[in-house]
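Structural overview for review
Single-letter residue listing:
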Amino acid sequence: MVISCPISLAENWMAARVAAFLADYPDFTITLNGTVWGDRIGEVADLTVAIKPRDEVLHGDALLAPERLTVVCAPGYTVAGEVLCRPGQLKGAGLIHILTRQDCWGAVAAGLDLDDLDLHGGVRSNSSNVALELAANGLGCVAVLRSLAEPYLARGVLTEPFACAVDSPWNYYLTRPARTLKPPARRFRDWLLDGNG
């Protein structure tokens with residue numbers, strides 16, 4: 001079976017799920033294709049994951065899990081000589097921006113009532129993974145979907161310096177299948193949606 005998935009989610013979230021699934025179903029064969037923005041790999045995939053705002057969700061799309069946004073930085077990251085521990089300190093922090101359709105910093109600023117946060121400066125990348133690596137290397141803070149940050153948090157190379165439970169306007173969905181699913185793809189889809197995600 002072929003699974004098409006945005007590359008950041010494929011590397012940071014889906015790979016662990018594929019490994020857990022194959023531990024239960026070792027006779028299955030899976031190809032995990034990482035996509036970048038507008039890639040059209042979905043036409044060859046049995047299952048396709050897409051990130052969508054709520055108003056673009058189609059009948060038959062299945063939510064993987066509700067997402068929330070968080071802010072992460074390297075442990076001990078300082079702003080003006082003080083370890084980052086309060087949202088207000090972000091005004092003096094280096095902001096790392098992910099150049100996608102999702103405006104994570106705008107949503108976080110609104111969710112934390114930081115109306116005067118300067119969203120124009122800082123380091124930029126077109127990849128969530130690169131942005132997370134930049135943060136892990138001490139270049140600043142990144143606002144990101146928490147599912148993408150989880151492996152970095154688990155390894156201790158990034159930390160959440162303060163509570164930030166901002167609901168994400170975007171979520172990952174298993175999209176409506178373009179064709180009837182073969183039994184292995186149906187099994188994986190059911191397994192993933194049955195609380196294994």
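Check the entry above for the structure.
Let me sum up the structure you'll find in this document. The model shown is predicted, which means the values in this text are computed figures rather than measured ones.

1. Some points on the pairing of strand E2 (residues 31–35)
- Taken together, the five bridges between strand E1 (residues 2–6) and E2 define a ladder with parallel strand orientation. In the sheet register, Val 2 faces E2, and the bridge partner there is Thr 31.
- Chirality of the crossover, the property in question, places the unit of E1, helix H1 (residues 7–24) and E2 among those that are right-handed.

2. Focus: unusual backbone geometry
- Positive phi, close to 55 degrees, is recorded for Ala 80, a residue that is not glycine.
- Mapped onto the elements, Ala 80 comes out in the loop between strand E6 (78–79) and strand E7 (82–83).
- The phi dihedral of Asp 113 is positive, around 55 degrees, even though this residue is not glycine.
- Considering the arrangement of structural elements, one finds Asp 113 in the loop between helix H2 (104–111) and strand E9 (124–125).
- The exposure class of Asp 113 is exposed, given its relative accessible area of 62%.

3. Points about the packing of aromatic side chains
- Per the counting criterion, the structure on display carries six aromatic pairs.
- Their ring planes at 90 degrees and their centres at 4.9 Å tell us that Phe 21 and Phe 188 sit as a pair that is edge-to-face. You can see Phe 21 sitting in helix H1 and its partner Phe 188 sitting in helix H5 (residues 183–196), a full 167 residues away along the chain.
- By relative accessible area, Phe 21 is classed as buried at 0%.
- On the basis of relative accessibility, which here comes to 0%, the residue Phe 188 falls in the buried class.
- Three or more aromatic residues joined by ring pairs form one cluster here, namely Phe 21, Tyr 25, Phe 28, Phe 188 and Trp 191.

4. Observations concerning the sheet that holds strand E8 (residues 95–98)
- The strand order E9-E8-E10-E5-E11 describes an open sheet built from five strands, whose pairing is mixed. The strands lining the two open edges of the sheet, one partner per strand, are E9 and strand E11 (166–167).
- Here strand E5 (residues 68–72) runs beside E11; their pairing, made up of two bridges, is antiparallel. Across the sheet, Leu 69 pairs through a bridge with Val 166, a residue of E11.
- Contacting E5, E8, E9 and strand E10 (141–145), helix H3 (residues 128–136) crosses the sheet at an angle of about 170 degrees to E8.
- The strands touched by helix H4 (residues 146–155) are E5 and E10; relative to E10, the strand with the most contacts, the crossing angle is about 120 degrees.

What counts, and at which threshold
Residues numbered from 1 in each chain as written. Predicted model: local features only at pLDDT ≥ 70, side-chain atom pairs only at ≥ 80, totals over all residues. Heavy atoms only, no water. Pairing = 2+ DSSP bridges. Helix = DSSP H or I, 4+ residues; strand = E, 2+ residues; numbered from the N terminus. Right-handed = clockwise from strand over helix to strand, strands pointing away. Buried < 20%, exposed > 50% of the residue type's maximum accessible area, 1.4 Å probe, protein only. Phe/Tyr/Trp six-rings, centres within 6.5 Å; stacked < 30°, edge-to-face > 60°. Contact = heavy atoms within 4.5 Å. Axes fitted to C-alpha atoms, helices over the stretch in contact; angles between N-to-C directions.

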